Structure formats: structure tokens, C-alpha cells
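# An overview of the molecular structure
Residues per chain are reported as follows:
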Amino acid sequence: MITRSVTIEDIDDLYLMWNDHINASALYRRALRKEMEVRDVDPDDLRDLFERAREQGYTKEEIVDETNRYADLKALVEDAEE
């Protein structure tokens with residue numbers, strides 16, 4: 001299984017400890033959404049394609065093995081529907 005880690009510098013950790021009301025998870029998600037926007041990926045469309053691929057019987061690991069970008073996932077789903 002592929003795992004992801006986030007590197008937090010000591011100053012980041014210090015700031016979060018000072019401001020424990022900050023939702024670091026929300027900041028992370030917001031950064032990912034901005035990256036999707038830069039790459040012209042609509043999160044709702046991505047969610048829909050992912051769900052459709054899962055309904056077609058693909059596991060998340062199979063999707064990762066067979067695709068590596070939004071356009072690949074779209075093609076995978078559309079090819080399976082033909």
C-alpha cells in the first residue's frame with residue numbers, strides 16, 4: 001500500500017501548538033483543492049469518476065495502478081462503460 005506523509009517543520013508544529021484552534025486537516029484539504037484547481041480538476045467530477053470506477057469493480061489500488069492523472073481515470077471509466 002502506498003502511504004503519504006506530510007513533513008512538518010518545528011516552526012509549523014510550534015505555531016499549531018500555540019494556536020490549537022487551527023484545523024490542520026482543513027488547511028491540508030484546502031491546499032489539495034487549490035492544486036486541483038491549478039490542474040483544472042473539478043473535485044466533484046473527480047469524486048464522481050472515482051465512485052463510478054469503484055462501482056465498475058475497481059479497487060482504489062487498481063485505479064492507482066492503471067491511472068496516474070484525471071484524464072486517465074476518465075478514460076478508464078468511459079472505456080468500461082462501452
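Description of the structure in this document.

Calculation criteria
- Residues numbered from 1 in each chain as written.
- Predicted model: local features only at pLDDT ≥ 70, side-chain atom pairs only at ≥ 80, totals over all residues.
- Heavy atoms only, no water.
- Helix = DSSP H or I, 4+ residues; strand = E, 2+ residues; numbered from the N terminus.
- Buried < 20%, exposed > 50% of the residue type's maximum accessible area, 1.4 Å probe, protein only.
- Contact = heavy atoms within 4.5 Å.
- Areas by Shrake-Rupley, 256 points an atom, 1.4 Å probe, with all protein chains shown as cover.
- Lys, Arg positive; Asp, Glu negative; His and termini not counted.
- Charge placed at Lys NZ, Arg CZ, Asp CG, Glu CD.
- Core = buried A, V, L, I, M, F, W, Y, C linked by side-chain atoms within 4.5 Å.
- Patch = residues over 30% accessible without salt bridge, like charges linked within 9 Å, V, L, I, M, F, W, Y side chains within 5 Å.
- Salt bridge = Lys/Arg side-chain N within 4 Å of Asp/Glu carboxyl O.

### Quick notes on the overall build of the protein
The number of helices and strands found in the protein is 5 helices and 0 strands. Moving toward the C terminus, one meets the helices and strands of the protein in the order α-α-α-α-α. For the protein, the spread of C-alpha atoms along the three principal axes comes to 55 × 25 × 20 Å. The proportion of buried residues among the 82 residues of the protein is 12%. Contacts in the protein between residues at least 24 apart in sequence constitute 34% of all its contacts with a sequence separation of at least 6. Put simply, the protein shows about 7200 Å² of open surface, and 48% of that area lies on carbon and sulfur atoms. Taken together, the 12 basic and 23 acidic charged side chains of the protein have centroids lying 3 Å from each other.

### Describing the nonpolar core
Core analysis: the biggest nonpolar cluster contains 7 residues, these being Leu49, Ala53, Tyr58, Ile63, Leu73, Leu76 and Val77. Going through the elements one at a time, α3 (43-55) and α5 (70-81) are the ones with two or more residues in this core. In terms of residues, this core owes the most to one element, α5, which gives 3 residues. Among all residues touching leucine 49, those that are not within four sequence positions of it are Tyr70, Leu73, Lys74 and Val77.

### Let's talk about a nonpolar patch on the surface
Together, Val6, Ile8, Tyr28 and Leu32 make up a nonpolar patch on the protein surface, roughly 380 Å² of accessible area in all. Its place among the elements puts tyrosine 28 in helix α2 (residues 24-38). The partly exposed category is assigned to tyrosine 28, whose relative accessible area is 42%.

Interpretation note: all reported values are geometric properties and have no functional meaning in isolation.
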